[in-house]
Amino acid sequence: MTQTPPPPLEPLNEDWERMLCIVAHPDDLEFGAAAAVARWTGQGKRVAYCMVTSGEAGIDGMSPAESRGVRELEQVRSAQIVGVEEVEFLGLPDGTLEYGVDLRRAIAAVVRLHRPEIVVTGNFRDSWGEGGGLNQADHIAVGRAVLDAVRDAGNRWIFNEQLETYGVQPWGGVREVWASGSPLSRHGVDITESFDAGVASLAAHQAYIDGLGWADFDPAEFLEGMSRASGQRMGVAHAASFEIFNMGWGG
Ligand SMILES: [Zn+2]
């Protein structure tokens, strides 16, 4: 039997200056996107992280009260490894996020504060693709809310109180949202040079990795499985894949 190979990945546009990455949990970016972030910060671009929750329900043997601080610290260190100094935590409840106006409001505020041209989020499709398992509820809620909040951020009459409360202005300058690791990815970026930084940033989530109880989990091996498969679709050793959502009206 012959299988149809996945289509080639087109190179992502790197003609931008400011990126904001918005994901549900500490560690979400490190499972695939962090090496790409390291490449971009290495090019002098400004990248900030926003965690919607602190992943406080992510370690079975540690209470949320204790876990919150541990995971926030691991995320800050992990971000520094790939050149990201700004990490925000919105403090919404891990595991029970709901798509809706409240989530859009919280995300729109962060978009207005940072005024990025590109927003990265995690895969929010129902699954990770063939044989990849079901996606997680928080990831799906956040990704959908990111798309909507990016548009909300540009409209001064939506969440208008933020203009007073935070002294922000509407921001309609987000050109695209990129969903990392989506099974429908058609674009990618060569991360061969920054692969090791991506591995180190995942390894920085030590308490979380220990808590998973995967005895032989090796961050390098895990990330390599994905990045080599994506790399083959670009003709490079390692690549990270993204699904692009164009945020221009009618674009
Ligand atoms: Zn997650």
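Above this text you will find the structure in question.
### Re the layout of surface pockets
When its volume is computed, the second largest pocket comes out at roughly 150 Å³. Taken together, Glu-88, Leu-90, Arg-105, Ala-106, Ala-109, Val-110, Leu-113, Glu-161, Gln-162, Thr-165 and Tyr-166 form the lining of the second largest pocket. Of all the secondary-structure elements, those providing two or more residues to the lining of the second largest pocket are helix 3 (101-114) and helix 5 (161-165). Broken down by element, the lining of the second largest pocket gets its largest block of residues, five residues, from helix 3. Per-class residue counts for the lining of the second largest pocket are six nonpolar, two polar and three charged.

### Focus on unusual backbone geometry
Positive phi, close to 50°, is recorded for Arg-115, a residue that is not glycine. Along the chain, Arg-115 turns up in the loop between helix 3 and strand 5 (118-122). Residues other than glycine seldom take positive phi values, yet Phe-159 does so here, at roughly 55°.

### Some thoughts on the coordination of the zinc ion
Listed as protein donors to the zinc ion are His-25 (ND1), Asp-28 (OD) and His-139 (NE2); their distances from the metal cover 2.0 to 2.1 Å. Donor residues binding the zinc ion come from one chain and are separated in sequence as H-x2-D-x110-H. For His-25, a relative accessible area of 8% translates into the label buried.

### Examining the sheet that holds strand 1 (residues 10-11)
In spatial order, the strands read 1-7-8-6-5-2-3-4; together these eight strands make up an open sheet with mixed pairing. One side of each edge strand has no neighbouring strand; the edge strands of this open sheet are strand 1 and strand 4 (86-89). Judged from the four bridges that link them, strand 7 (residues 187-190) and strand 8 (residues 239-246) form a sheet pairing that is antiparallel. Residue pairing in the sheet places Asp-190 in a bridge with Ala-239 of strand 8.

### Details of helix 8 (residues 219-232)
Here helix 8 contains 14 residues, and its C-alpha end-to-end distance of 20 Å stays within 8% of the 20 Å for a straight helix at 1.5 Å per residue. Residue Gly-225 marks the point of greatest curvature in helix 8, where the axis turns by about 25°. Buried residues of helix 8: Pro-219, Leu-223, Ser-227, Ser-230 and Gly-231, and no others. Between a side-chain oxygen at the N-terminus of helix 8 and the backbone nitrogen of Ala-220 the separation is 3.0 Å; the capping residue is Asp-218.

Parameters at a glance
- Position labels on residues start from 1 in each chain and follow its written sequence.
- Side-chain atom pairs in this predicted model are given and counted only at pLDDT of 80 or more, local residue features only at pLDDT of at least 70, and totals for whole chains, interfaces and linings cover all residues.
- Values reported for side chains reflect all heavy atoms of the structure, with hydrogen atoms and water molecules removed beforehand.
- Here a cavity denotes a set of grid points, spaced 1 Å apart and computed over the protein atoms alone, in which a 1.4 Å probe fits but from which it cannot get out, and a pocket denotes an open set meeting protein on both sides within 12 Å along at least five of seven lines; residues with an atom within 4 Å of a point are reported as lining.
- Grid points are joined across faces, edges and corners, and a volume is the space filled by probe spheres set on the points.
- Going along the chain from the N terminus, every DSSP run of H or I of four or more residues is numbered as a helix, and every run of E of two or more is numbered as a strand.
- All residues other than Ala, Val, Leu, Ile, Met, Phe, Trp, Tyr, Cys, Pro, Asp, Glu, Lys and Arg, Gly among them, are scored as polar; the first ten of these are nonpolar and the last four charged.
- Think of the donor list as every N, O and S atom within 2.8 Å of the metal, or within 3.2 Å for Na, K and Ca; water never makes the list, so a site can look incomplete.
- Each residue is assigned to one of three classes by its accessible area relative to the maximum for its type, calculated with a 1.4 Å probe on protein chains only: buried under 20%, partly exposed between the two thresholds, exposed over 50%.
- Strand pairing is defined by DSSP finding a minimum of two bridges between the two strands.
- Each helix should span, by expectation, one fewer than its residue count multiplied by 1.5 Å.
- One fitted axis covers the seven residues ending at a residue, a second covers the seven starting there, and the bend at that residue is the angle between these axes.
- Polar contacts, as counted here, are pairs of nitrogen or oxygen atoms within 3.5 Å of one another; within protein the pair requires one atom able to donate a hydrogen and one able to accept it, and residues that are adjacent in sequence qualify only if both atoms are side-chain atoms.

Note that all results are geometric; they support no functional claim without further evidence.
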